[in-house]
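# Breakdown of the fold
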Amino acid sequence: MAIANGTAEGFVVSFGEMIIDFVPTVAGVSLAEAPGFVKAPGGAPANAAIAVARLGGHVAFIGKLGADEFGFMLAAILKDNGVNDKGVVFDDTARTGLSFVTLRNDGERDFMFYRNPSADMLLRESELNLDLVRRATIFHYGSISLIEEPCRSTQLAAMEIAKKAGALLSFDPNLRLRLWESPKDAQALIMRIWKQSNIIKVSDAEVEFLTNKDAVEDDAVMSLWHPELKLLLVTLGGKGCKYYTKDFRGTVKGIAVKPVDTTGAGDAFVGAMLRKIADDQSTLQDEKKLTEVLRFANACGAITTTKRGAIPALPKEAEVLELLERD
């Protein structure tokens, strides 16, 4: 059962994909030109779950992995990082998903996915750990798990179960257009669950995609507002983030670092934000508390960009506090 509003230990449950990212050893070259790759665990919902755990939070991951060496490795990484893995199941017929990441010289990246299908796409409703779903203070998910059945129906069912049990629903679209049949399909399905979500984090580029407007102005962002929303966050890369609630809005500036690889920075931000809000939901009504939480989340995202790979780069609380003291 989810906890009531106020300060207590919250429980974040993150649903979706966990895959292997192959990150090139050299930035600024194409996949074909890369001399080698380092394997790194990834997948936005899994990254966010481990980000919560690294910061001392109580968290579980729900998803499906291949019954192969990569899948067993990823399950062990969840456990080693203190994430409850009782929602993880294995598929004997499909492999664990792979992604090859192209790194530009500025640390930004592009992805090439191998998933035809991958195990994460095949999670069925009958395989859900309903105890975990019902215990969530915050139930978090993305949009990649919406792309194909049966995972799409499984996610929609889990969202409904979590909501009925009293959880806040948290959504980070993590748009990867190359995986979708068409931009129109992506927009339609993202907006379908957008209207059910209580906390949403989007990037500035995702706002532009969803609103068909070139700039992230307040009017464009507020066109995405709906009655179920408690917090809408727009991340601005190194510039920080904008926040919108029913009663207040504002901007929290970013923290300057030298980026090496931006993979996982948004997930680190999300994990930090969810970890704090799950423990104290009054943050959603208190602008001072919220800006402190977002400054902390910005620092988590910034630190993650200074190392290669997503999960290996996620910080512990002491690192974050040290950066905030220096800033």
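Above this note sits the structure.
Attention here is on the structure that accompanies the text.

Reading the values: rules and limits
- In this convention, every chain numbers its residues from 1, walking through the sequence in written order.
- The model is predicted, so local features are restricted to residues of pLDDT at least 70 and side-chain atom pairs to those at 80 or more, both for listing and for counting; the totals for chains, interfaces and linings are taken over all residues.
- With hydrogens and water stripped out, all remaining heavy atoms of the structure feed into the side-chain values.
- Every helix listed is a DSSP run of H or I at least four residues long, and every strand listed is a run of E at least two residues long, numbered separately from the N terminus.
- To get the radius of gyration, use the C-alpha atoms; to get the globule rule, take the number of residues to the power 0.38 and multiply by 2.2 Å.
- Type-normalised accessible area, obtained with a 1.4 Å probe on protein chains alone, sets the label of each residue: buried when under 20%, exposed when over 50%, and partly exposed for intermediate values.
- Using a 1.4 Å probe, the Shrake-Rupley method yields the accessible areas, and only the shown protein chains count as cover for residues.
- For the purpose of counting charges, residues Lys and Arg are taken to be positive, whereas Asp and Glu are taken to be negative. His and the chain ends are not included.
- The location of each charge is read from NZ of Lys, CZ of Arg, CG of Asp or CD of Glu.
- The definition of a nonpolar core used throughout is a set of buried Ala, Val, Leu, Ile, Met, Phe, Trp, Tyr and Cys residues joined through side-chain atoms within 4.5 Å.
- Two residues form a contact once any of their heavy atoms are found within 4.5 Å.
- The rule for pairing is simple: two strands pair if DSSP sees at least two bridges between them.
- Arc definition: it is the arc formed by the directions from the helix axis to the C-beta atoms.
- A carboxyl oxygen of Asp or Glu within 4 Å of a side-chain nitrogen of Lys or Arg is what we treat as a salt bridge.
- N or O atoms closer than or at 3.5 Å make up a polar contact, with two conditions inside protein: a donor-capable atom paired with an acceptor-capable one, and, for residues adjacent in sequence, both atoms drawn from side chains.
- The length a helix should cover is 1.5 Å for every residue beyond the first.
- Each axis is a line fitted through C-alpha atoms, taken for helices only over the stretch in contact, and angles between the N-to-C directions span 0 to 180 degrees.
- Note on angle classes: values under 35 degrees are labelled roughly parallel, values over 145 roughly antiparallel, values of 65 to 115 roughly perpendicular, and the remainder oblique.
- Throughout, a crossing is termed right-handed when the near helix is turned clockwise from the far one, and left-handed when it is turned anticlockwise from it by less than a right angle.

Another aspect to go through is the overall build of the chain. Check the secondary structure of the chain and you find 10 helices and 13 strands. Against the 2.2 N^0.38 benchmark of 20 Å for 327 residues, the chain shows a C-alpha radius of gyration of 18 Å, consistent with a compact globule. Along the three orthogonal principal directions, the C-alpha set of the chain runs to about 50 × 45 × 40 Å. Taking all 327 residues of the chain together, the buried fraction comes to 59%. A total of about 13,700 Å² of accessible surface is found on the chain, and carbon and sulfur atoms cover 50% of it. Here the chain carries 38 positive and 44 negative side-chain charges, and the mean point of each set is 2 Å from the other.

What follows is about the nonpolar core. By size, the foremost hydrophobic cluster in this structure holds 54 residues, and its most contacted members are Met18 and Leu294. The contacts of Leu294, once residues within four sequence positions are left out, are Leu233, Cys241, Tyr243, Val252, Phe269 and Met273.

By the secondary structure assignment, Asn47 is in helix H1 (residues 44-54). Residue contacts for Asn47: discarding those within four places in its chain leaves Pro41, Gly42, Gly264, Asp267, Ala310, Ile311 and Leu314.

Across five bridges, strand E12 (residues 240-244) lies against strand E13 (residues 249-253) in antiparallel orientation. By the bridge assignment for E13, Lys242 is matched with Thr251. What sits between E12 and E13 in their antiparallel hairpin is a turn of four residues.

A few words on helix H10 (residues 317-326). Along H10, the residues that are buried comprise Val320, Leu323 and Leu324. Buried residues of H10, viewed axially, fall in a sector of 100°; they line one side. For H10, the exposed residues lying more than 90 degrees away from the buried face are Ala318, Glu325 and Arg326. Buried residues along H10 sit against helix H9 (287-304).

Here we take up unusual backbone geometry. With an omega of -10°, the peptide bond running from Asn116 to Pro117 counts as cis. Along the polypeptide, Pro117 turns up in the loop between strand E7 (109-114) and helix H3 (130-135). That bond from Glu149 to Pro150 is cis: its omega, 5°, falls within 30 degrees of zero. Relative to the elements of secondary structure, Pro150 occurs in the loop between strand E8 (138-141) and helix H4 (151-164). For Asn174, which is not a glycine, the phi torsion comes out positive at approximately 50°. Following the sequence through the fold, Asn174 ends up in the loop between strand E9 (168-171) and helix H5 (183-194).

In this section: the pattern of salt bridges. Applying the stated rule across the entire model yields 17 salt bridges. A salt bridge links Lys288 to Glu292, with the nearest nitrogen and oxygen atoms 2.9 Å apart. Of the two residues, Lys288 and Glu292 both sit in helix H9, four residues apart, roughly one turn of that helix. The exposure class assigned to Glu292 is partly exposed, which follows from its relative accessible area of 46%. Linking Lys307 and Glu319 is a salt bridge whose minimum nitrogen-to-oxygen distance equals 3.4 Å. Pair noted here: Lys307 is in the loop between H9 and H10 and Glu319 is in helix H10, with a separation of 12 residues, a long-range link. The exposure class of Glu319 is partly exposed, given its relative accessible area of 32%. Through salt bridges that share partners, Lys64, Asp91 and Glu127 make up one connected network.

Quick look at the side chain of Ser170 now. With respect to the helices and strands, Ser170 occurs in strand E9. The class of Ser170 is buried, set by a relative accessible area of 1%. At 2.8 Å, the side chain of Ser170 and the side chain of His140 are in polar contact. Setting aside residues up to four positions removed in sequence, Ser170 forms contacts with Ile138, Phe139, His140, Tyr141, Ile199 and Leu274.

With 14 residues, H4 should reach 20 Å at 1.5 Å per residue; the first-to-last C-alpha distance of 20 Å fits that figure. Listed as buried for H4 are Cys151, Thr154, Gln155, Leu156, Ala157, Ala158, Met159, Ile161 and Ala162. Each element contacted by the buried residues of H4 is listed here: strand E1 (11-15), H3, E8, E9 and H5. Remark: Gly166 follows H4 within two positions and exhibits a positive phi of approximately 105°.

Moving on to the packing of H4 against H5. Across the interface, H4 lies against H5 with an axial gap of 12 Å and an inter-helix angle of 15°. Regarding the angle of H4 to H5, the classification is roughly parallel. Here H4 and H5 pass one another in a crossing that is right-handed. Facing H4, whose interface residues are Arg152, Gln155, Leu156 and Met159, H5 presents Leu189, Arg192 and Ile193.

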